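This is what each chain is made of:
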Amino acid sequence: NNFDFSGNTTVAARDPDHGSFLGGDLTFPKFRTATTLNALYLEDAWQAADRWLVLAGVRRDEADVSRRALVSGGADLDKKLAGTSWRLGVTHRLTADTSVYAQASTGYDPVTSVITLNLANRDFSLTRGTQVETGIKQSLGDGLGEWTAALYRIDKDDIITRDPANPSRSVQGGSQHSQGIELSAAVAPGKHWRFEGNVSFLKARFDELREDSGADRAGKRPPDVPEQVANLWSHYRFGAWQASLGVRYVGKRFADNANTVVLPSYVVADAGVAWRVDRRTTLRLFGRNLADKVYATNAYSNNQVILGEGRRFELVAEMKF
């Protein structure tokens, strides 16, 4: 709706006069949208040699957005957005248990949600992204486990920034990147135990970004991006039962482009118990955020945050037919 109350009202703390709801004109729908998305993609893999595998793919995406004003003074909008992306990768098997890989890919994103595209963003094109990644995967002998290590870099261009000559004007031309390393492993040291974990270290920065104040944010970290993330799970199986305990860690983040408002890091513990009743039925009890920790998952603005879920329990029945 297009309701906006920018004033303030003073009411008595005891027995207040609640007043009455304002007229319905303020809550009439302001616009109606229809979005049609079409995509065509092709991908294949070629066994180039006994130890070499080549993968390639291409994808075409098209979005047709129609927005119709339902109140006087509004304006209609018709916009088409399209982009063609691709990916190319190669895998080389060093031994029966070890492989290395490398891949490159491109992608596109709208500057805002396609469905809520408005007049202010109608002249912007899609942002462009590229990613390169290389890594190694290895299986440990006798079913002991496996591990993976990967290096990557992601670049995103044509994000919204401010015109250096006129900071009040939004233009495309900003850019940002992230690069880092990811490690993951799973180990089963005994018949009943299994441990799983992963950790990521990354560095994300704006390469070019200006705000309406004219401030240059190049070199700053984008909001809501942690530079360390880790997960660790342990599982113990006995008969038809399995008990699990896990810990999640997310490093500190910033709530603004200037990196002046900090969201603290947090650690959350989860647990679960599973009982396989028969080959078709499994019951699972999950406990989330066991310590009922209060933490912020991301920033809603420079001075507001969205809190993570409090302590919660779930009972799930999985049945196969």
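Residues numbered from 1 in each chain as written. Predicted model: local features only at pLDDT ≥ 70, side-chain atom pairs only at ≥ 80, totals over all residues. Heavy atoms only, no water.

Draft legend 1. A look at the overall build of the chain. The number of helices and strands found in the chain is zero helices and 17 strands. A compact globule built from 321 residues would reach a C-alpha radius of gyration of about 20 Å, whereas the chain, at 26 Å, exceeds it by more than 25%. Projected onto the principal axes, the alpha-carbon positions of the chain cover approximately 70 × 60 × 45 Å. Within the chain, the fraction of its 321 residues that count as buried is 24%. Summing over all exposed atoms, the chain offers an accessible surface of approximately 20,800 Å²; the carbon and sulfur share of this is 54%. Positive and negative side-chain charges of the chain, numbering 40 and 38 respectively, have mean locations separated by a distance of 4 Å. (Helix = DSSP H or I, 4+ residues; strand = E, 2+ residues; numbered from the N terminus. Rg over C-alpha atoms; globule rule 2.2 N^0.38 Å. Buried < 20%, exposed > 50% of the residue type's maximum accessible area, 1.4 Å probe, protein only. Areas by Shrake-Rupley, 256 points an atom, 1.4 Å probe, with all protein chains shown as cover. Lys, Arg positive; Asp, Glu negative; His and termini not counted. Charge placed at Lys NZ, Arg CZ, Asp CG, Glu CD.)

Draft legend 2. Focus on the side chain of Arg 217. Within the secondary structure, Arg 217 is located in the loop between strand 8 (193–208) and strand 9 (228–238). Residues within four places of Arg 217 in sequence aside, it is in contact with Phe 206, Leu 209, Glu 211, Asn 257 and Ala 258. (Contact = heavy atoms within 4.5 Å.)

Draft legend 3. View of the pattern of salt bridges. Using the criterion set out here, one finds 19 salt bridges in the structure. Residues Arg 288 and Glu 314 are paired through a salt bridge, measuring 3.9 Å at the closest nitrogen-oxygen approach. You can see Arg 288 sitting in strand 14 (residues 281–288) and its partner Glu 314 sitting in strand 17 (residues 312–319), a full 26 residues away along the chain. Judged by relative accessible area, which is 22%, Glu 314 ranks as partly exposed. In this structure, a network of salt bridges that share partners links the residues Arg 288, Glu 309, Arg 312 and Glu 314. (Salt bridge = Lys/Arg side-chain N within 4 Å of Asp/Glu carboxyl O.)

Draft legend 4. Focus on the side chain of Thr 127. Inspection of the secondary structure assignment puts Thr 127 in strand 5 (residues 127–140). Residues contacting Thr 127, with those up to four places away along its chain left out, are Gly 107, Tyr 108, Asp 109, Val 111, Lys 156, Asp 157, Asp 158, Ile 159 and Gln 172.

Draft legend 5. How the structure looks around the environment of Asp 44. Along the polypeptide, Asp 44 turns up in strand 1 (residues 31–49). Among the residues examined, Asp 44 registers a relative accessible area of 44% and is labelled partly exposed. As a C-alpha pair, Asp 44 and Val 54 span ten residues in sequence and 8.5 Å in three-dimensional space. The residues contacting Asp 44, other than those within four sequence positions of it, are Val 54, Leu 55 and Ala 56.

Draft legend 6. Region of the structure containing empty space enclosed by the protein. For the coordinates displayed, the defined rule picks out one cavity of 30 Å³ or more. A volume near 40 Å³ is recorded for the largest cavity. Lining the largest cavity are Lys 79, Leu 81, Pro 110, Val 111, Leu 117, Asn 121, Phe 124, Ser 125 and Leu 126. Tallied by class, the residues present in the lining of the largest cavity amount to six nonpolar, two polar and one charged. (1 Å grid on protein atoms, 1.4 Å probe; cavity = no way out; pocket = protein on both sides within 12 Å on 5 of 7 lines; lining within 4 Å. Points joined across faces, edges and corners; volume = space filled by probe spheres on them. Nonpolar A, V, L, I, M, F, W, Y, C, P; charged D, E, K, R; others polar.)

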